[in-house]
Amino acid sequence: MGRAFLALASLTIASAQTTTAFLALASLTIASAQTTTEWLVSESPHWYAITHDPFCDELAAGTLPNATLTRYLVQDHKFLDAFVVLLASMIAHAPTLADRVPGAQFLALITGKENTYFERSFDALGLDAAARAAPPAPATSAFIGLMRRAAASGELHAMLAVLVVAEWSYLSWGERVVPRDGLSFLHLEWIDLHRGEYFAGVVAYLRGMLDALDLHASEMAIAKSYFDDAVKCEKDFWDMARGGEGEL
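Now for a description of the structure that goes with this document.

Calculation criteria
- Residues numbered from 1 in each chain as written.
- Predicted model: local features only at pLDDT ≥ 70, side-chain atom pairs only at ≥ 80, totals over all residues.
- Heavy atoms only, no water.
- Helix = DSSP H or I, 4+ residues; strand = E, 2+ residues; numbered from the N terminus.
- Contact = heavy atoms within 4.5 Å.
- Salt bridge = Lys/Arg side-chain N within 4 Å of Asp/Glu carboxyl O.
- Buried < 20%, exposed > 50% of the residue type's maximum accessible area, 1.4 Å probe, protein only.
- Expected span 1.5 Å × (residues − 1).
- Core = buried A, V, L, I, M, F, W, Y, C linked by side-chain atoms within 4.5 Å.
- Axes fitted to C-alpha atoms, helices over the stretch in contact; angles between N-to-C directions.
- Parallel < 35°, antiparallel > 145°, perpendicular 65-115°, else oblique.
- Left-handed = near helix turned anticlockwise from the far one by under 90°.
- Nonpolar A, V, L, I, M, F, W, Y, C, P; charged D, E, K, R; others polar.

**Considerations on the environment of Leu64**
- Looking at the secondary structure, you find Leu64 in the loop between helix 4 (54-61) and helix 5 (66-77).
- Ignoring any residue separated from it by four or fewer positions in sequence, one finds Leu64 in contact with Phe55, Glu58, Leu59, Leu69 and His187.

**With respect to the pattern of salt bridges**
- All chains considered together, the criterion is met by 11 salt bridges.
- For the salt bridge of Arg132 with Glu119, the shortest nitrogen-to-oxygen distance reads 3.4 Å. Placement of Arg132 in helix 9 (residues 129-132) and of Glu119 in helix 8 (residues 113-124) is noted, with a sequence separation of 13 residues between them.
- Taking relative accessible area as the criterion, Arg132 reaches 26% and is therefore assigned partly exposed.
- Note on Glu119: relative accessible area 34%, which makes it partly exposed.
- Put simply, Asp53, Lys235, Asp239 and Arg242 are held in one network by salt bridges that share partners.

**Looking at helix 6 (residues 80-93)**
- Relative to the 20 Å expected for 14 residues at 1.5 Å per residue, helix 6 spans 20 Å between its end C-alpha atoms, a close match to the ideal helical length.
- Turning to helix 6, its buried residues are Leu80, Ala82, Phe83, Leu86, Leu87, Ser89, Met90 and Ile91.

**Points about the nonpolar core**
- Formed by 75 residues in total, the largest nonpolar core has its most connected members in Tyr72, Leu87, Met90, Val162, Trp173, Trp190 and Phe227.
- Among the elements that make up this core, the one with the highest residue count is helix 11 (residues 156-176) (14 residues).
- Excluding residues within four positions of it along the chain, Val162 makes contact with Leu86, Phe143, Leu146, Met147, Ala150, Tyr226 and Ala230.

**Considerations on the packing of helix 6 against helix 10 (residues 138-153)**
- Following both chains from N to C, one finds helix 6 and helix 10 inclined at 20 degrees, their axes separated by 9 Å at the closest point. Taken together, the axes of helix 6 and helix 10 lie roughly parallel to each other. In terms of crossing hand, the pair formed by helix 6 and helix 10 is left-handed. Note on element contacts: helix 10 touches helix 6 through Ile144, Met147, Arg148, Ala150 and Ala151, opposite Asp81, Ala82, Phe83, Val85, Leu86 and Ser89.
- When grouped by side-chain class, the residues that make up the contact of helix 6 with helix 10 number 8 nonpolar, 1 polar and 2 charged.

**Considerations on the environment of Ile50**
- Considering the arrangement of structural elements, one finds Ile50 in helix 3 (residues 47-51).
- Sequence separation of Ile50 and Asp236 is 186 residues, and the distance between their C-alpha atoms is 9.1 Å.
- In this structure Ile50 touches Val165, Ser169, Trp173, Val231, Glu234, Lys235 and Trp238, once residues within four positions along its chain are discounted.

Here it is in structure tokens:
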């Protein structure tokens with residue numbers, strides 16, 4: 001009886017161990033089925049926050065105070081030079097001409113139409129030269145620094161990690177919000193710049209570039225570090241825009 005009991009207990013333990021091993025293997029299989037960008041988002045504690053910030057909903061509703069929009073736009077415009085450097089560096093490090101062309105086309109766009117939006121918005125908001133030249137807020141400086149570090153790293157996965165956060169998070173809220181009828185160009189055009197077939201294609205291009213890289217564990221860790229830092233920068237920037245840091 002004792003031997004039979006011990007045999008049954010041993011079988012039960014072995015069965016439990018087998019089940020545990022199976023569940024671990026299944027979990028690993030599910031994780032490995034994720035793309036790099038999907039995994040980075042799944043590991044980010046603040047992704048939801050940066051794609052569901054109240055600023056975006058108020059922008060779409062037309063209820064965002066002009067003072068908040070002004071602070072946001074003045075600070076956001078200060079990213080342009082660092083972003084151009086980052087995007088140009090990514091294009092230069094892309095492996096093929098076919099990989100470079102979509103990035104170069106996007107670079108031409110953001111140095112054209114989006115920059116025009118800023119100038120027209122500043123005029124509409126009545127901002128003088130001094131207001132437009134306000135110093136960067138700490139959150140702005142931190143994000144500029146991250147973009148420049150990624151650009152200078154020479155690591156394509158680091159550059160793409162920051163670019164994916166910057167563009168995918170904006171596409172996420174741009175597609176999520178529902179602009180009310182009769183919005184001014186200040187509100188609607190900023191939303192339209194961050195949704196639609198072309199911008200979705202840009203995000204798919206950036207994500208596809210990062211997903212296609214065969215990253216070793218150390219390179220994945222670097223990509224995750226830059227991704228997480230970019231998400232934090234985005235969150236801090238939203239908090240700054242709504243909270244009054246860098247008040248004009």
